[in-house]
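Reading the structure
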Amino acid sequence: RSTLFPYTTLFRSSTEGGTMKKILVTGCGGQVGTELVAHLRGLYGDANVMASDFRAQEGHSGPFALLDVRDGKAVAALLDSFKPDTVMHLAGILSARGEERPQQLWETNMGGTYNMLEAARERGCAVFFPSSIAAFGPGTPADHTPQDTIQRPTTIYGVSKVTGELLGEYYHLKYGLDVRGVRFPGLISYEALPGGGTTDYAVHIYYEARARGRYTSYIGAGSFMDMMYMPDALDAVVRLMEADPARLRHRCAFNISAMSFDPEGIAASIRKVLPDFRLDYDVDPVRQAIADSWPNSLDCSAAREEWGFAPRYDLDAMTRDMLARVPGAVSSLTPN
Ligand code: AKB
């Protein structure tokens, strides 16, 4: 994968003697799932990582199962047949798409999370829950957003993330279930496109820069959001799930981020590689309003102190790697 850091080799030592042996990943066809499954199989072995999604997939090097996480019986049956010790529950709908279909988001994101926590409780599996910067809202301090602060999100996606965080904490307190999670920032990657998020522009811009030398942003200048390159996100998930629980003062929702930029900032970084790159704007009011309700930059000190969160890519390193790897134009880039 990356020429900058050989991730699988680099982090193998941190998993030796670790707690995870058999892992189920839901939502494996998404932007994170696609790479997380490959990363986990590199660390734990193909046969020990079950990929699942509600859409059929081919070409897996390990086991795959069709799974609609809204179906609690199907969730329980898959845990009974594969017997994972850990579930990474990624299946869900993202922020912008959620505003088009709030009821569907609730059924998938909350119904799926509840079904998974219940099935995990009955079988004693650890659970990874991906929260998001969307768990914050307009009343949250926007700069250096503290780990523990006001959470009054104004999107259905954000409401589902706060609920998931609280539900995970509850299952830990009430049942002793090992639930852990992070608040993902916008994630940037080249293996699989994101779909239906607000931060997706920061992925699309690299494809369009490479293919056409220009990009029209649906997020306006001056809108700063937290971001991170996918290899750092994959490492964060493994580090957190393998961390000594005695060190964890927090559990289900660690702030993590590697950088904060607005469209002008990412364009300036791209121009260091492609000097003629041009950025225009055609702001989408829905996604802009979502971006405006999210923080500018998170304080990640709890993640650093409690489980060694240590992202390696800054904006320019990520830009160099992305521009070396993106294939060029993707016809379905917009709208999500
Ligand atoms: C989105 O934009 O919806 C996601 C997220 C930040 O959770 N990328």
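Just above sits the structure.
All figures in this text were calculated on a predicted structure; none of them were measured in a lab.

1. A word on the sheet that holds strand S7 (residues 186–188)
- Taken together, the three strands give an open sheet; going across it, the order is S7-S9-S11, and neighbouring strands pair in mixed fashion. The open sheet has two free edges, formed respectively by S7 and strand S11 (259–261), since each of these has just one partner strand. The mean inter-strand angle of the sheet, taken between neighbouring strand axes irrespective of direction, is 40°.
- When S7 meets strand S9 (residues 225–229), the two strands line up parallel, connected through three bridges. Across the sheet, the residue bridging to leucine 187 is methionine 228, located in S9.
- In this fold helix H7 (residues 201–212) packs onto S7, S9 and S11, with an angle of close to 25° to the strand it touches most, S7.

2. Digging into the nonpolar core
- Grouped together as the largest cluster of nonpolar side chains are 77 residues, with contacts concentrated most on Met88, Ile188, Tyr201, Tyr206, Phe261 and Trp307.
- Counting residues per element, this core draws most heavily on helix H8 (residues 230–242), at eight residues.
- With residues up to four places along the chain from it excluded, the contact list for tyrosine 206 reads Ile188, Ile266, Ile270, Leu315, Met318, Thr319, Met322, Leu323 and Val326.
- By size, the runner-up hydrophobic cluster in this structure holds 21 residues, among which are Val69, Leu78, Ala120 and Val179.

3. What about the packing of helix H2 (residues 31–44) against H8?
- The N-to-C vectors of H2 and H8 enclose an angle of 55°; their axes lie 10 Å apart at closest approach. The angle between H2 and H8 places the two elements in the oblique class. The interaxial crossing formed by H2 with H8 has right-handed handedness. Together, Gln31, Val32, Glu35, Leu36, His39, Leu40, Leu43 and Tyr44 of H2 and Met230, Leu234, Asp235, Val237, Val238 and Glu242 of H8 make up the contact between the two elements.

4. With respect to helix H12 (residues 315–325)
- Restricting attention to buried positions, one finds in H12 the residues Leu315, Ala317, Met318, Thr319, Asp321, Met322 and Leu323.
- The inward-facing, buried residues of H12 contact S7, H7, S9, S11 and helix H9 (263–271).
- The N-capping residue of H12, defined by a side-chain oxygen 3.3 Å from the backbone nitrogen of aspartate 316, is aspartate 314.

5. Focus: the site of the ligand
- In the vicinity of the ligand, the contacting residues are Leu94, Ser95, Ser132, Ile133, Tyr157, Gly197, Thr198, Thr199 and Trp294.
- Serine 95 has a polar side-chain atom sitting 2.5 Å from an oxygen atom of the ligand.
- Between the ligand and serine 132 there is a distance of 2.7 Å, counted from an oxygen atom to a side-chain nitrogen or oxygen.
- Protein chains shield 93% of the accessible area of the ligand, which is 260 Å² for the free molecule.
- Assessed atom by atom at 2 Å from the grid points, the ligand resides in the largest pocket.

Definitions and limits used
Residues numbered from 1 in each chain as written. Predicted model: local features only at pLDDT ≥ 70, side-chain atom pairs only at ≥ 80, totals over all residues. Heavy atoms only, no water. Pairing = 2+ DSSP bridges. Helix = DSSP H or I, 4+ residues; strand = E, 2+ residues; numbered from the N terminus. Axes fitted to C-alpha atoms, helices over the stretch in contact; angles between N-to-C directions. Contact = heavy atoms within 4.5 Å. Core = buried A, V, L, I, M, F, W, Y, C linked by side-chain atoms within 4.5 Å. Buried < 20%, exposed > 50% of the residue type's maximum accessible area, 1.4 Å probe, protein only. Parallel < 35°, antiparallel > 145°, perpendicular 65-115°, else oblique. Left-handed = near helix turned anticlockwise from the far one by under 90°. Polar contact = N/O pair within 3.5 Å; in protein donor to acceptor, adjacent residues only side chain to side chain. Near = heavy atom within 4 Å. Areas by Shrake-Rupley, 256 points an atom, 1.4 Å probe, with all protein chains shown as cover. 1 Å grid on protein atoms, 1.4 Å probe; cavity = no way out; pocket = protein on both sides within 12 Å on 5 of 7 lines; lining within 4 Å. Sits in = over half its atoms within 2 Å of the grid points.

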